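Topology and contacts: notes
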Amino acid sequence: MRVVEHIIVTGDFLRPVDRQFRPSQNENIRWFHRLLRGHLARASGLPVQCLHWGEGVKPEPFFEAFEAEPSALGWASFYTTDRAPAAVLDALEARFGRSLVVGFELAEWCKQAFTCLGIPFVDLNIHPIRFLPDVFFAAQTNDPEIFAALLQHHSDPDSFYGWADLLAATAIKFAPELVLESPVLLVGQTRVDRSLVRHGALLDFTDFAVEVEKLLLREGRLAFKPHPYNPGDFGLFTAGVPFRRVQMVKANAYALLAHEDLQEVVGVSSSLIAEAPYFGKRATFLHQSPFDLAGSRQQAAQRQHLSLVERVNDADFWRDVLAPKIAVTAKDGWRFPLPPNSLRISLRNFWGYNELSTDFPVQLYQSGKIHP
């Protein structure tokens, strides 16, 4: 067994922004490190370091070793590779060899390399189900003992239906006049996203022109919601769909999911597709979800993503998770329950939930429809 001397908090430390060779994930990694470093330190008694682009790692040697151009397309070219050059493995061994890694949305190549090198990791991702009172984490690990410890904190995704019902009821009040001209909703995404990588390229609707044409032939007209951070067509029109056959909708995503006339949600890999069944809609991934979510604890299999709705912000949680690999400190029994929307507010990212929750009563108050 490797000797763990410190904990490293990191993420997808090689991912650049769309149009320049500069980091896109540094802020998220620093946020994640600051969120958890105290809990990890109290649980382990070990130093908790932060590693990201320009802080502990230089990206250029990695791109050179992968023979990739320094760009978002270059990053995509090796994101899912199951082979790493010797120079990359040597660099990871030198930097992470005596550590346990706690990651925020680690790259696929990196997780496979850590596994090859015997470096244990716990990778936390913002869960694709985002209509609960707060966002929460989907966890994955390469260590069977850590998986068993995480499993004790796993929530069965079937328990989330009630929250979808509540939000759907809220949507009736929020957007009662919303009209959909098609029972099929296509959803766009940002241009650069890990879930869009396939065979070293970034996908959009252009790559699924045949499937989109079949939908159009079947329905005659399609509704399309662009991603709020990518107001373009996400390749829909370059896939051959005529403008006149598309209803462009900018309504709230959850108001759309709750709409009685909507029957199916179609996209490349959007989290909205994963959420659709909770609202009684068919879900069609043209590519695939980046998550393999476990069901019940009895059915969960190693390497699946576990749903951690609570406790990630408790040192006792990390004592449970780290105990298989290191000596941990004594449990203190302290809980740090988060109020609703705490992580959403901290991340400054609401995924549309705020429009039906926190923003809605403020708008009513401003309009004079409710009074203090």
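Refer to the structure presented above.
Report follows, based on the coordinates.

A few words on the nonpolar core. Counting residues in each nonpolar core, the largest one holds 36 residues, and the members touching the most others are Leu 124, Phe 137 and Trp 318. In terms of residue count, helix α1 (residues 26-44) provides more of this core than any other element does, six residues in total. In this view, Leu 124 contacts Phe 32, Leu 36, Gly 103, Phe 104, Glu 105, Phe 137, Ala 138, Ala 139, Leu 308, Val 312 and Trp 318; residues no more than four positions away in its chain are not counted. The next biggest cluster of nonpolar side chains, apart from the first, holds 31 residues, and it includes Ala 223, Tyr 254, Ala 274 and Phe 279.

If you walk through the whole model with that rule in mind, you get 27 aromatic pairs. Considering the side-chain rings of Phe 21 and Trp 53, the 4.9 Å spacing of their centres and the 55 degrees angle between planes classify their relative orientation as tilted. Highlighted residues: Phe 21 in the loop between β1 (6-11) and α1 and Trp 53 in strand β3 (residues 52-53), separated in sequence by 32 residues. Overall, the relative accessible area of 11% leaves Trp 53 in the buried class. Consider the rings of Phe 66 and Trp 109, whose centres lie 5.3 Å apart with planes at 75 degrees: the pair is edge-to-face. Remark: Trp 109 occurs in helix α5 (residues 108-117) and Phe 66 occurs in the loop between α2 (59-65) and α3 (72-78); sequence separation between them is 43 residues. One exposure class covers both Phe 66 and Trp 109, and it is buried.

Now for the pattern of salt bridges. Applying the stated criterion across every chain yields a total of 17 salt bridges. Its salt-bridge partner being Lys 325, residue Glu 145 comes within 3.4 Å of it at the nearest N-O pair. One end of the pair, Glu 145, is in helix α6 (residues 144-151); the other, Lys 325, is in the loop between α11 (315-322) and α12 (342-347), with 180 residues separating them in the sequence. The partner of Arg 311 in a salt bridge is Asp 314, and the shortest N-O contact between them spans 2.5 Å. Among the residues examined, Arg 311 registers a relative accessible area of 21% and is labelled partly exposed. Residue classification places Asp 314 among the buried positions, given a relative accessible area of 3%. A single salt-bridge network, built from bridges that share partners, covers Arg 218, Glu 219, Glu 264 and Arg 282.

Taking every second residue as pointing to the same face, both faces of strand β13 (residues 264-267) are buried, with Glu 264 and Val 266 on one and Val 265 and Gly 267 on the other. Here strand β8 (residues 184-187) pairs with β13 via three bridges, running parallel. Bridging from a neighbouring strand, Val 184 pairs with Glu 264 of β13.

It is worth spelling out the packing of helix α4 (residues 86-96) against α5 at this point. Here α4 crosses α5 at 75 degrees, and the two axes come no closer than 10 Å. Judged by the angle between their axes, α4 and α5 are roughly perpendicular. Of the residues in α5, those in contact with Val 88, Leu 89, Leu 92, Glu 93 and Phe 96 of α4 are Trp 109, Ala 113, Phe 114 and Leu 117. Residue classes in the contact of α4 with α5 are distributed as eight nonpolar, no polar and one charged.

Bringing helix α7 (residues 161-174) into the picture now. An ideal rise of 1.5 Å per residue puts 20 Å on 14 residues; α7 measures up with 20 Å between its terminal C-alpha atoms. For α7, the full list of buried residues reads Ala 164, Leu 167 and Ala 171. The buried residues of α7 all sit within an arc of 65 degrees when viewed along its axis, so they share a single face. Counted as exposed and oriented over 90 degrees from the buried face of α7: Ile 172 and Lys 173.

Read from one edge of the open sheet, six strands run β2-β1-β5-β6-β7-β15, paired in mixed fashion. The sheet is open, and its two edges are formed by β2 (48-50) and β15 (306-308), each paired on a single side. When strand polarity is set aside, the average angle formed by the axes of neighbouring strands in this sheet is 25 degrees. Lying over the sheet, α11 contacts β1, β5 (99-104), β6 (121-126) and β15, oriented at roughly 135 degrees with respect to β6.

Time to look at the sheet that holds β8. Strands sit in the order β12-β11-β8-β13-β14 across an open sheet of five strands; the sheet is parallel. Sheet topology places β12 (246-248) and β14 (282-285) at the edges, where each strand pairs with a single neighbour. Geometrically, the sheet is characterised by an average inter-axis angle of 25 degrees between neighbouring strands, direction not taken into account. Against the sheet, helix α8 (residues 209-219) engages β8, β11 (222-225), β13 and β14, with an angle of about 155 degrees to β8.

Where α6 meets α11, the axes come as close as 7 Å, and the angle between the chain directions of the two elements is 145 degrees. Facing Ile 146, Ala 149 and Leu 150 of α6, the residues of α11 in contact are Phe 317, Asp 320 and Val 321. Among the residues making up the contact of α6 with α11, the classes are represented as five nonpolar, no polar and one charged.

On to the environment of Val 57. Of note, Val 57 is situated in strand β4 (residues 56-57). On the accessibility criterion, Val 57 (10% relative accessible area) is buried. Taking the C-alpha atoms as reference points, Val 57 and Gln 247, separated by 190 residues in sequence, lie 46 Å from one another.

Reading guide: rules and limits
Residues numbered from 1 in each chain as written. Predicted model: local features only at pLDDT ≥ 70, side-chain atom pairs only at ≥ 80, totals over all residues. Heavy atoms only, no water. Core = buried A, V, L, I, M, F, W, Y, C linked by side-chain atoms within 4.5 Å. Buried < 20%, exposed > 50% of the residue type's maximum accessible area, 1.4 Å probe, protein only. Helix = DSSP H or I, 4+ residues; strand = E, 2+ residues; numbered from the N terminus. Contact = heavy atoms within 4.5 Å. Phe/Tyr/Trp six-rings, centres within 6.5 Å; stacked < 30°, edge-to-face > 60°. Salt bridge = Lys/Arg side-chain N within 4 Å of Asp/Glu carboxyl O. Pairing = 2+ DSSP bridges. Axes fitted to C-alpha atoms, helices over the stretch in contact; angles between N-to-C directions. Parallel < 35°, antiparallel > 145°, perpendicular 65-115°, else oblique. Nonpolar A, V, L, I, M, F, W, Y, C, P; charged D, E, K, R; others polar. Expected span 1.5 Å × (residues − 1). Arc of directions from axis to C-beta.

Purely geometric stuff here, so don't read any function into it on its own.
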